[in-house]
Amino acid sequence: VIAATFILASCRVDTSVSMRVQPNGSGTIRVVVIADAEIVKATPGLKGDIRVDDLVAAGWTVDGPRSSDDGALVLVIQHSFNGPTEATALLSQINGTRGPLHDMALTRTGKDTNSTWKLTGRLEINGGLEAFADDATNTLLGGGPFSEQIAARGTDLGDAIGITFIAGLPGTVDSTTGKTGAGVITWGVPTDGTPTDIATTVTNVDVASSISRVGRVLVLGLLVLWILGSLFLIFMVMNARNKRPRTPRI
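The residue numbering used here restarts from 1 in each chain and proceeds along that chain's sequence as written. Whole-chain, interface and lining totals are the exception, using all residues; otherwise, since this is a predicted model, local features are given only for residues with pLDDT of at least 70 and side-chain atom pairs are given and counted only at 80 or more. Processing note: side-chain calculations cover all non-hydrogen atoms of the structure and skip hydrogens and water entirely.

A. Inspection of the side chain of Thr 201 at higher detail. Strands are runs of DSSP state E lasting at least 2 residues, helices are runs of H or I lasting at least 4, and numbering of each runs from the N terminus. Among the secondary structure elements, Thr 201 is positioned in strand β12 (residues 200-205). Any two residues whose heavy atoms approach within 4.5 Å are treated as being in contact. In this structure, Thr 201 is in contact with Thr 116, Trp 117, Lys 118, Thr 172, Val 173, Asp 174 and Ser 175, ignoring residues within four places of it in sequence.

Right, here's the structure in full:
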């Protein structure tokens, strides 16, 4: 889809890769690709040419490609994960050997209610359109797809595509190179080969859970004291009755 953009200089494809992480380490990775209406008009068979069988076989959920109200073509794929290790592996699947997500890794230390998250890696596009095709395709074509057309038109890669990486991590951001807002951190992927370090650290302390856990201990302690106190009072009453002198019967 991205390569087809360069058939017309006015066409554009925007892609977002988002990762949402829950405090327990589970979450979802979601990729949204939108080819604008100009591409759809210029290549009416594009929708039928997009193959997603390999994505489904790899466990991804696929929605589309479908047409939007403004005539664009939208493809959404997503995959859930159970922990940081699986999330890192899924990011590698998206990137392949040449994509813009380099050495991406998500790690966590601590417990669910008190943990530190670290996201490392870099965003970088090298080799122009060769970054969006696998090795076999580039070998077959003798270079990146549509490379000759790009050279002839003088099209700038950044004008034709936009790639955004979004991370939603639990807790308070300690440090990051991205833009924060609305509970997420966002980076734009440079298309000129410039690397962007995404080093990010987030601390998550679930105060409500901690208070609840302490509260449960206190309530249990009070309950035990109440039971012991009740037993003590019963013992004192019974002991007092046993010591009370009995009235002689006539």
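B. Seen up close, the sheet that holds strand β4 (residues 73-81). Reading across from one edge, β3-β4-β2-β1-β7-β10-β9 is the order of the seven strands in this open sheet, with mixed pairing throughout. What marks the edges here is a single partner per strand, and that holds for β3 (61-67) and β9 (179-181). Within this sheet the neighbouring strands show an average axis-to-axis angle of 15 degrees, counted without direction. For two strands to be treated as a pair, DSSP must find no fewer than two bridges joining them. In this sheet, strand β2 (residues 27-35) lies alongside strand β1 (residues 13-21) in antiparallel orientation, the contact comprising nine bridges. Residue pairing in the sheet places Val 21 in a bridge with Gly 27 of β2. The axes used here are C-alpha line fits, helices contributing only the stretch in contact, and every angle between their N-to-C directions lies in the interval 0 to 180 degrees. Running at roughly 150 degrees to β4, helix α4 (residues 84-95) makes contact with β1, β2, β4 and β7 (161-168) of the sheet.

C. Spotlight on the pairing of β2. Adjacent in sequence and paired antiparallel, β1 and β2 are bridged by five residues, among which Gly 25 carries a positive phi angle near 100 degrees. Bridge count between β2 and β4: nine bridges; the pairing is antiparallel. Looking at β4, one finds that Val 31 is bridged to Ile 77.

D. Up close: the confidence of the model for the protein. Chain-level pLDDT for the protein is 80 on average; 73% of the residues reach the 70-or-more range. For every residue, the pLDDT score states the predictor's confidence, bounded by 0 at the bottom and 100 at the top. Of all secondary-structure elements in the protein, the lowest mean pLDDT belongs to helix α6 (residues 147-153), at 55, while strand β10 (residues 184-188) reaches the highest, 96. Here residues 1-8 is a poorly scored stretch, pLDDT under 50, and it has 30 contacts once near neighbours within four places are set aside; other chains count.

E. Representation of α4 in the model. In a helix, the anticipated span is given by 1.5 Å times the number of residues less one. Between its first and last C-alpha, α4 extends 17 Å over 12 residues, near the 16 Å set by a 1.5 Å rise per residue. Throughout, exposure labels follow a simple rule: accessible area from a 1.4 Å probe, protein chains only, divided by the maximum for the residue type, with under 20% read as buried, over 50% as exposed, and the rest as partly exposed. For α4, the complete set of buried residues consists of Pro 84, Ala 87, Thr 88, Leu 90, Leu 91 and Asn 95. The arc enclosing the buried residues of α4, seen along the axis, measures out at 160 degrees, which places them on a common side. Where α4 is buried, its residues meet β1, β2, β4, β5 (101-111), β6 (114-123) and β7. Note on α4: the residue one or two positions beyond its end, Gly 96, has a positive phi of about 70 degrees. Directions drawn from the helix axis to the C-beta atoms are what define this arc.

F. Molecular detail of a nonpolar patch on the surface. A contiguous nonpolar patch, built from Leu 220, Leu 222, Leu 223, Val 224, Leu 225, Trp 226, Ile 227, Leu 228, Leu 231, Ile 234 and Met 238 and spanning about 1,200 Å² of accessible area, is present on the exposed surface. Following the sequence through the fold, Leu 228 ends up in helix α8 (residues 207-243). Residues form patches when they are more than 30% accessible in relative terms and have no salt bridge. Like charges link within 9 Å. Nonpolar side chains (Val, Leu, Ile, Met, Phe, Trp, Tyr) link within 5 Å. Only the protein chains shown count as cover for residues, with accessible areas throughout obtained via the Shrake-Rupley method and a probe of 1.4 Å. Salt bridges are identified by distance alone: a Lys or Arg side-chain nitrogen within 4 Å of an Asp or Glu carboxyl oxygen.

G. Region of interest: the pattern of salt bridges. In total, this model carries three salt bridges according to the counting rule given. For Asp 63, the salt bridge goes to Arg 66, with nearest N and O atoms at 3.2 Å. For Asp 103, the salt bridge is made with Arg 122, and the minimal N-O distance between the two is 2.9 Å. You can see Asp 103 sitting in strand β5 and its partner Arg 122 sitting in strand β6, a full 19 residues away along the chain. Note on Arg 122: relative accessible area 29%, which makes it partly exposed. Each of Asp 103, Arg 122 and Glu 124 takes part in a single network of salt bridges with overlapping partners.

H. Structural context of the environment of Thr 61. Among the structural elements, Thr 61 can be located in strand β3. For Thr 61, a relative accessible area of 49% translates into the label partly exposed. The spatial distance from the C-alpha of Thr 61 to the C-alpha of Arg 30 is 9.4 Å, given a sequence separation of 31 residues. Those residues in contact with Thr 61, other than ones at most four positions away along the chain, are Val 76, Ile 77 and Gln 78.

I. Layout of the nonpolar core. Throughout this description, the term nonpolar core refers to a set of buried Ala, Val, Leu, Ile, Met, Phe, Trp, Tyr and Cys residues connected via side-chain atoms within 4.5 Å. Residues Met 19, Leu 106, Leu 119, Leu 123, Phe 165, Leu 169 and Trp 187 are the most contacted members of the largest nonpolar core, which totals 39 residues. Mapped by element, the contributors of at least two residues to this core are β1, β2, β4, α4, β5, β6, β7 and β10. When near neighbours in sequence (up to four residues on either side) are disregarded, Leu 169 contacts Met 19, Val 21, Leu 106, Leu 119, Thr 200 and Val 202.

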